[in-house]
Number of protein chains: 2
Amino acid sequence: MNVPERILMGPGPSTVPSRILRAMASPTLGHLDPRYIEIMDHTCTMLRKVFQTENALTFPVSATGMAGMECVATNIMERGDEAIVCVNGVFGGRMVDVMERAGVTVHRVEVPWGETFPLEMLAEAIDKHPDAKALGIVHAETSTGALQSLDGLAELVHDSGMLLLVDAVTSLGGHTLKVDEWGIDAIYSGTQKCLSCPPGLSPVSFSPRALEVIEARKTKVQSWYFDVSMLKDYYKGSGKRAYHHTAPVNMIYALHEALLIVLEEGLEARVTRHQRLHRRLRAGLESMGIRYVPQYSLHTLNCIHIPDGADDAAVRAKLLDDYSIEIGAGLGPFAGKAWRIGLMGHSATQANVDLVLAALMDCLE
Amino acid sequence: MNVPERILMGPGPSTVPSRILRAMASPTLGHLDPRYIEIMDHTCTMLRKVFQTENALTFPVSATGMAGMECVATNIMERGDEAIVCVNGVFGGRMVDVMERAGVTVHRVEVPWGETFPLEMLAEAIDKHPDAKALGIVHAETSTGALQSLDGLAELVHDSGMLLLVDAVTSLGGHTLKVDEWGIDAIYSGTQKCLSCPPGLSPVSFSPRALEVIEARKTKVQSWYFDVSMLKDYYKGSGKRAYHHTAPVNMIYALHEALLIVLEEGLEARVTRHQRLHRRLRAGLESMGIRYVPQYSLHTLNCIHIPDGADDAAVRAKLLDDYSIEIGAGLGPFAGKAWRIGLMGHSATQANVDLVLAALMDCLE
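What you are looking at is a predicted structure, and each value in this text was computed from that prediction instead of being measured. (Residues numbered from 1 in each chain as written. Chains lettered and ligands numbered in written order. Predicted model: local features only at pLDDT ≥ 70, side-chain atom pairs only at ≥ 80, totals over all residues. Heavy atoms only, no water.)

With that settled, consider the side chain of A:Ser202. Residues and elements named next belong to chain A. Counting through the fold element by element, Ser-202 comes out in strand β10 (residues 202-206). Look at Ser-202 and you get buried, because its relative accessible area is 0%. In terms of polar contacts, Ser-202 uses its side chain to reach the backbone carbonyl oxygen of Gly-65, at 3.4 Å. With residues up to four places along the chain from it excluded, the contact list for Ser-202 reads Phe-59, Pro-60, Val-61, Ala-63, Thr-64, Gly-65, Gly-68, Tyr-188 and Ser-189. (Helix = DSSP H or I, 4+ residues; strand = E, 2+ residues; numbered from the N terminus. Buried < 20%, exposed > 50% of the residue type's maximum accessible area, 1.4 Å probe, protein only. Polar contact = N/O pair within 3.5 Å; in protein donor to acceptor, adjacent residues only side chain to side chain. Contact = heavy atoms within 4.5 Å.)

Have a look at this one:
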């Protein structure tokens, strides 16, 4: 396999430590082998720690991040249900699409791309749509780099008898994220962002309240592959396992190793590292006259305006060719107007920050 | 990672060659990196060769085998459509479930588990349900070890204006399978069977006729993750790639290497090897007085009656503990009554055949 070594500073995947690549290359076991079951159980236990939750139903969906969104949306919602979905970038918009495909009537709440939702605005939407079953919101909007505060939101959502659904694809393992303390009912993430594991799995977690809603469904979940009512019999912590699908065994090895690394560093230390390196990068970029797109920026993804006169594609190509650094292009209305510089997991190092600043300075000359 | 080395002779995964494990552990690239796109394109090109098809729309779904079934079923069928599905084991039954969840009216054609469908019976079903949009059938039924002949079926199906959908999870790369010559319109498989790649991907292929049906849909595909109308813009052979989801990059490396190995051996030689070793195993088992379940047995999966007096779980545990050999338990009505011995891909060697015979003889003493 002839593959160049990249420094992955785009919107994901981030650079994967060789320790994880080695773990992934361990011999494939059968998906019902006792040793594999141990590894899978331990993976789910570590996932609970990283999500900061006691939720029994916490496991990695056997597909990439967007499958997690679909798993959460299609298990919680039924055809004919109503939902409130907050849209301020690609991924909020995608949640609308995923829900509408499942026959849900979606009430969109919108602010311009790059902005975030003030709590009052969400309170208003909840008041306006009291029959909604759930409110969906993106914690870390990968398309704009905006960090959404979830402070106080669960109380409002729960007081109206709704469930809180959260997209944490770009925050899990990089930003503070407290599933239980924040009252989140269903959450999904990806492995290839701040966990620095290869893409291929989507960690999800469902609260007991969400599980009750799922158990009270009148209809089968439209997707067999993502049906939590069957998956929970495979991922449950004990007793007889019901075979569902053939788990992606080696990807689970990789996630197991990635979570070990996260817990060895410690969640708080990891969040602090991402914050510190974001500040260093931000100071460097701003000293070059480069402005950030969002007011409330993620530490893990830095979305910046492309400086006047710079050639978007040419600069990114030069970064890749001369430095082997990947940064991300803009999406949607930001195409050709913004770059996205990831500082996620193993990619978030002082050396990488200083290198990308030097490389950008060179490429923008 | 502390993982025992197993000889995987169950219903999958099969033993993964170290060459594939090493390829999989190559550095993770971004999913839009030019070098990754080359690897992905080459993977799709090789998949076409292994499926023996010219179908442009041939790619690996980013999830395990059952996702391929869901991808095929939900893209071809729309809510309110009718389908004929042939059920003679777990996987035909699952196809019914997947379709019904998509709002399809399913006409089941059934024979007892372990048996296969004579062409006349399928002709009758087609006559009886002329409004069906498709006929779904399992080529290699992993739950019973039965090999279904597809000879002459496509003509009947096409003459009635239907599409032919085929489950080839346990045959691709081990049995003769000629997608174009046999007139198959949509097919799915898994990587962890006769390709000896870790589980995590599901190769699919759609004929131009199937693509026309998909393009004429009145409604969106219910699954965003499996929507071929968007996926085709990512997997197309040339031009600008539309970002859909983050591809499981390292799993694609693994599949790339697995397909290289298949093509180095040659499809015909590979099929012959599986046939030869099946015969050797069969002769050995029958000389021990052990009988096969199906009349038409797969070469890749040998489903046998558990001999009278043998303790199902104890024998399998002894095989695992004393020989590190995994064989499969029976499913559904065969639970406790049958074993499934896989001879797939890298696991299909003369040494493994002779070893498993010797080990069984020891365990059955």
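The discussion continues.
Turning next to the packing of aromatic side chains. To describe a pair of aromatic rings, one takes the distance between the centres and the angle between the planes. In total, this model carries eleven aromatic pairs over all chains according to the counting rule given. Here the aromatic rings of A:Phe226 and B:Tyr225 are separated by 6.2 Å at their centres, their planes lie at 70°, and the arrangement is edge-to-face. Residue A:Phe226 is located in the loop between α7 (208-215) and α8 (228-235), and its partner B:Tyr225 is located in the loop between α7 (208-215) and α8 (228-235); the two belong to separate chains. Here the two residues A:Phe226 and B:Tyr225 agree in accessibility, since each one is buried. By relative accessible area, which is 2% here, B:Tyr225 ends up buried. Across the ring face of A:Tyr292, the terminal group of A:Arg282 is positioned such that the distance to the ring centre comes to 4.0 Å. (Phe/Tyr/Trp six-rings, centres within 6.5 Å; stacked < 30°, edge-to-face > 60°. Lys NZ or Arg CZ within 6 Å of the ring centre and 35° of its normal.)

Our next topic: helix α11 (residues 312-323) of chain A. In this model, α11(A) (twelve residues) spans 16 Å end to end at C-alpha, consistent with the 16 Å of a helix rising 1.5 Å per residue. Every buried residue belonging to α11(A) is among A:Asp312, A:Val315, A:Leu319 and A:Leu320, and all of these are buried. With its buried residues spanning 135° around the axis, α11(A) presents them on a single face. Of the surrounding secondary structure, the elements contacted by the buried residues of α11(A) are β12 (325-329), β13 (338-342) and α12 (350-364) of chain A together with α2 (34-51) of chain B. (Expected span 1.5 Å × (residues − 1). Arc of directions from axis to C-beta.)

All right, on to the packing of helix α3 (residues 65-76) of chain B against helix α4 (residues 90-101) of chain B then. When two helices pack together, their arrangement is given by the angle between the helix axes and by the axis-to-axis distance. Residue and element names in this part refer to chain B. Two elements in contact, α3 and α4, have axes separated by 10 Å at closest approach and are oriented at 50°. Taken as axis vectors, α3 and α4 run oblique relative to one another. Every pair of crossing elements has a handedness; the one defined by α3 and α4 is right-handed. Seen from α3, the contacting residues are Met-66, Met-69, Glu-70 and Ala-73; seen from α4, they are Phe-91, Arg-94, Met-95, Val-98 and Met-99. Broken down by class, the residue content of the contact of α3 with α4 amounts to seven nonpolar, no polar and two charged. (Axes fitted to C-alpha atoms, helices over the stretch in contact; angles between N-to-C directions. Parallel < 35°, antiparallel > 145°, perpendicular 65-115°, else oblique. Left-handed = near helix turned anticlockwise from the far one by under 90°. Nonpolar A, V, L, I, M, F, W, Y, C, P; charged D, E, K, R; others polar.)

Attention now goes to the pattern of salt bridges. Two side chains carrying opposite charge are able to pair once their charged atoms lie near each other. Residue and element names in this part refer to chain B. One pass over the full model with this rule turns up 34 salt bridges over all chains. In this structure, the salt-bridge partner of Lys-133 is Asp-81, at a minimum N-O distance of 2.6 Å. Residue Lys-133 is found in the loop between α5 (119-128) and β5 (134-138), and its partner Asp-81 is found in the loop between α3 and β3 (82-87); the two are separated by 52 residues along the sequence. Judged by relative accessible area, Asp-81 falls into the buried class, the value being 17%. With a shortest N-O distance of 2.7 Å, Glu-265 and Arg-273 are connected by a salt bridge. (Salt bridge = Lys/Arg side-chain N within 4 Å of Asp/Glu carboxyl O.)

It is worth spelling out the domain arrangement of chain A at this point. Residue and element names in this part refer to chain A. Domain boundaries in chain A define domain 1 (7-12 + 267-364) and domain 2 (18-263). Every contact between the two is made by 25 residues of domain 1 and, on the other side, 27 residues of domain 2. Roughly 2000 Å² of surface becomes buried between domain 1 and domain 2 when both sides are summed, with 64% attributable to carbon and sulfur atoms. When the buried surface of domain 1 facing domain 2 is broken down by residue, Leu-267, Arg-270 and Leu-298 rank first, second and third, together holding 31% of it. Where domain 1 meets domain 2, there are zero salt bridges. The tally of links from domain 1 across to domain 2 stands at nine residue pairs in polar contact (both at pLDDT 80 or more). Elements represented by at least two residues in the side of domain 1 that touches domain 2 include exactly α10 (267-287) and β11 (301-305). Top element by residues in the side of domain 1 that touches domain 2 is α10. It accounts for four residues. Classifying every residue of the side of domain 1 that touches domain 2 gives 13 nonpolar, ten polar and two charged. (Domains from an automatic or database assignment. Buried area = accessible area lost by both parts, 1.4 Å probe.)

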